[in-house]
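Take a look at the letters that make up each chain.
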Amino acid sequence: MKELQKGVCAPQGFRAAGIWCGIRKNQSKADLAMIVSDVPCTAAGVYTKNKVKGAPLLVTQAHLADGHAQAVICNSGNANTCAPNGMEIAEETCALAAEALGLRPEDLIVASTGVIGKEMDIEPFRRGIPQLAAALSPDGSEAAARAIMTTDTKVKEVAVEFTAGGKTCRLGGIAKGSGMIHPNMATMLCFLTTDAAVSPAMLQKALSEDVPDSFNQVSVDRDTSTNDTVTILANGLAGNPEIAAPGPDYDAFAAALAYVTRRMSFLIASDGEGASHTIVCQVTGAPDKETARAVSRSVISSNLFKAAIFGRDANWGRILCAIGYTEAEFDVSRVDVTLRSQAGSVLVCRQAAHSPYSEEEASKILSEEVVTVLVEMHQGSGEATAWGCDLTYDYVKINGDYRT
């Protein structure tokens, strides 16, 4: 599998753009993004499990009920959640975008991110959408990725090339996510595109089966968002026979999807609000995959352990504590824990007990930007990875004045 540039525009037939339209006061920060396919697409989505849901999410769910769409419109700066005019704004946004693109409103995926509970005004959309449509470009992925950012500090875009049905296919994506990140679908926004031909049923199957091992394994602050949405558009321009059933081509597509979503998961965790370290927890030897997922999530979600990583303190007891309160059945007495980074690795816990190690060496390992926690459970073949970050003073500063 070959990694490419150009994110959502890497697949054939996709254009994107991002502009400032006035939702944000700061004109230097783009706040409206669009992604469009030249031809109709099959489409699929996965959404937050939070009981409070943003209006755009509900509109998108309705639009994707038939398994088809052709474009994405997304704003930042306002989540359009718990807003008195939320549904009207989301629906009118789709209508305005459809008019500018010559599509039906039902062809649009709509999303929003930003402050919750703030009333929205349609005027910035009226002014901005024609501009946005005129700016669409095969090189517009980065501009779109910047326009969906909130407290993000880094653009998140990934693309890969793969083969299906003897044809070269591409799959790309952009995402935003920095805070309000915790498993319960995908605590962020992610828009994926592919030029592979995939049926709606197989597209939904691939996305639904992927999320539990990718975005549902990311946590920054134990807060699940109200607007989490992951969607994918497949326009078929690669010319492969449609993937309409499980088999080698479906497996190749699923592998490409997994590559992109796992890379995105890492990028989101590494850009956690105020973060100075990325934490990766790899669990092996679990009784089953679900236990491995749960244990790895517990470790990267532990505020005590996250604080220890910030302090470069190899306080492995906090890791074992997090493993111990995981809601799953296993024998904790068989667990080994190793800390690893580019500076080396050190076994800190063998069979749930202290393993002699150098605190100086461990501190050096924890000084690296990416720290991996290896948890070997010795109880089966289940394995999983979760991605998180440390907890710093800056996280509180960022969220203490988020609205001001």
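Residues numbered from 1 in each chain as written. Predicted model: local features only at pLDDT ≥ 70, side-chain atom pairs only at ≥ 80, totals over all residues. Heavy atoms only, no water.

### Section: the sheet that holds strand S15 (residues 382-389)
Applicable threshold: Note on pairing: DSSP must find at least two bridges between two strands before they are called paired. Under the scheme used here, helices are H or I runs from DSSP no shorter than 4 residues and strands are E runs no shorter than 2 residues, and both carry numbers assigned from the N terminus. Contact between two residues is taken to exist if any of their heavy atoms lie within 4.5 Å; hydrogens are not considered. Comment: axis = line fitted to C-alpha atoms, over the contacting stretch for helices; angle = value between 0 and 180 degrees taken between N-to-C directions.
Spatially, the six strands line up as an open sheet ordered S13-S12-S11-S14-S10-S15, and their pairing is mixed. Strands with a single pairing partner mark the edges of an open sheet, and in this sheet they are strand S13 (353-354) and S15. When strand S11 (residues 336-341) meets strand S14 (residues 370-376), the two strands line up antiparallel, connected through five bridges. The residue bridging Val-337 from the neighbouring strand is Val-375, located in S14. Packing of helix H8 (residues 303-310) onto the sheet brings it into contact with strand S10 (278-286), S14 and S15, and relative to S10 it is tilted by some 125°.

### As for the environment of Ser-276
This is how the line gets drawn: Burial status follows relative accessibility: with a 1.4 Å probe on protein chains alone, a residue under 20% of its type maximum counts as buried, one over 50% as exposed, and anything between as partly exposed. Side-chain atoms alone can form a polar contact between residues adjacent in sequence; in general such a contact is a pair of N or O atoms within 3.5 Å, and within protein one must be able to donate a hydrogen while the other accepts it.
Structurally, Ser-276 is set in the loop between helix H6 (248-270) and S10. For Ser-276, a relative accessible area of 35% puts it in the partly exposed group. Counting along the chain gives 118 residues from Ser-276 to Asp-394, while the straight-line C-alpha distance between them is 9.5 Å. Excluding its chain neighbours within four sequence positions, the residues that come into contact with Ser-276 are Phe-310, Glu-369, Asp-390 and Thr-392. Polar contacts involving the side chain of Ser-276 include one to the side chain of Asp-390, which spans 2.4 Å.

### Digging into the environment of Asp-107
You can see Asp-107 is positioned in the loop between helix H2 (86-101) and strand S5 (108-115). For Asp-107, a relative accessible area of 13% puts it in the buried group. Expressed as a C-alpha distance, the spacing of Asp-107 and Gln-131, which sit 24 residues apart in the sequence, is 19 Å. Not counting chain neighbours up to four residues away, the residues in contact with Asp-107 comprise Ala-69, Gln-70 and Ala-71.

Note that every value here comes from positions in space, so none of it alone points to a role or purpose.
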